[in-house]
Structure formats: C-alpha cells, structure tokens
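Descriptive analysis of the structure
What follows is the residue order along each chain.
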Amino acid sequence: EQPSWQPPPDLESATPADLKALPGFAGITSLFVLPTEGTVRCDNCVLNSPTCSAEVDVTEALKEAGIPRARAVLHALAFDIATQTAMTLEQAGVPPPELSSPVPVFSF
C-alpha cells in the first residue's frame, strides 16, 4: 500500500510553475468562481451557477508513468489567481476529483 499523499509543506506560497513541477503532475484546468459581495457580477454566471465541471485528460500521463487506470489515484490542488495563493481543494471548497473513462463521441 502506498503512503498517504500530502500536499507540499510550502503550498500556500507555491506558484503555478511550482505546482506544474510537482512529481506526477498530469494536467491543469480552470474554474470560474462567482465573485464575492461588492465585486462585479456576471448575470450569466449567477443564472447558470452553481453547476459546473472541469476535465483534465490524464490518459497520456498515466501511460507515460505506466499506471493502469484501475490503480490510479488522483490528487488535485487549487490556485486562486486573485490572491495568488495555492491551497488544497478542501480549502478552496471544491469537491475531490473523480477518474472517469473517456466518453465515446457519437455523430448523428
């Protein structure tokens, strides 16, 4: 059994480049979060919130590392560009990632 994963001890001061340099880095995506009170609001965002999803294709990273999907374990971190602060997903209020199979594309 593998030891439990821990984020880097200097996570809060990590830059996006630092995060990309972490061992096992497999990809990056972005989430747009609704602004806090007193900031500019986007009516479309308010209308369509809170549902959103983000995807990162980790297929190549798993292949390069020789890790079968069934044995893959995902770890994700968040970076707030407004405050320039890295944090765990739990600290960011983002649910943990799920590993899913590629979805077949059907054309009609």
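What counts, and at which threshold
- Residues numbered from 1 in each chain as written.
- Predicted model: local features only at pLDDT ≥ 70, side-chain atom pairs only at ≥ 80, totals over all residues.
- Heavy atoms only, no water.
- Helix = DSSP H or I, 4+ residues; strand = E, 2+ residues; numbered from the N terminus.
- Buried < 20%, exposed > 50% of the residue type's maximum accessible area, 1.4 Å probe, protein only.
- Contact = heavy atoms within 4.5 Å.
- Salt bridge = Lys/Arg side-chain N within 4 Å of Asp/Glu carboxyl O.
- Pairing = 2+ DSSP bridges.

Describing the overall build of the protein chain
- Within the protein chain, the regular secondary structure consists of four helices and two strands.
- For the protein chain, the sequential pattern of α-helices and β-strands runs α-α-α-β-β-α.
- Looking at the 108 residues of the protein chain, the share that counts as buried comes to 12%.
- Partitioning the contacts of the protein chain with sequence separation of at least 6, the portion at a separation of at least 24 is 55%.

A short note on the pattern of salt bridges
- Per the stated rule, a full pass over the model turns up one salt bridge.
- As a salt-bridge pair, Lys 63 and Glu 60 come within 3.4 Å of each other at their nearest N and O atoms. With Lys 63 and Glu 60 both in helix H3 (residues 59-65) and three residues apart, the pair spans about one turn of that helix.
- Judged by its relative accessible area of 47%, Glu 60 is partly exposed.

What about the pairing of strand S2 (residues 85-88)?
- Note: strand S1 (residues 77-80) against S2, four bridges, orientation antiparallel. In the sheet register, Phe 79 faces S2, and the bridge partner there is Ala 86.
- If you look at the hairpin formed by S1 and S2, you'll find four residues sitting between the two strands, and Gln 84 has a positive phi there, around 55°.

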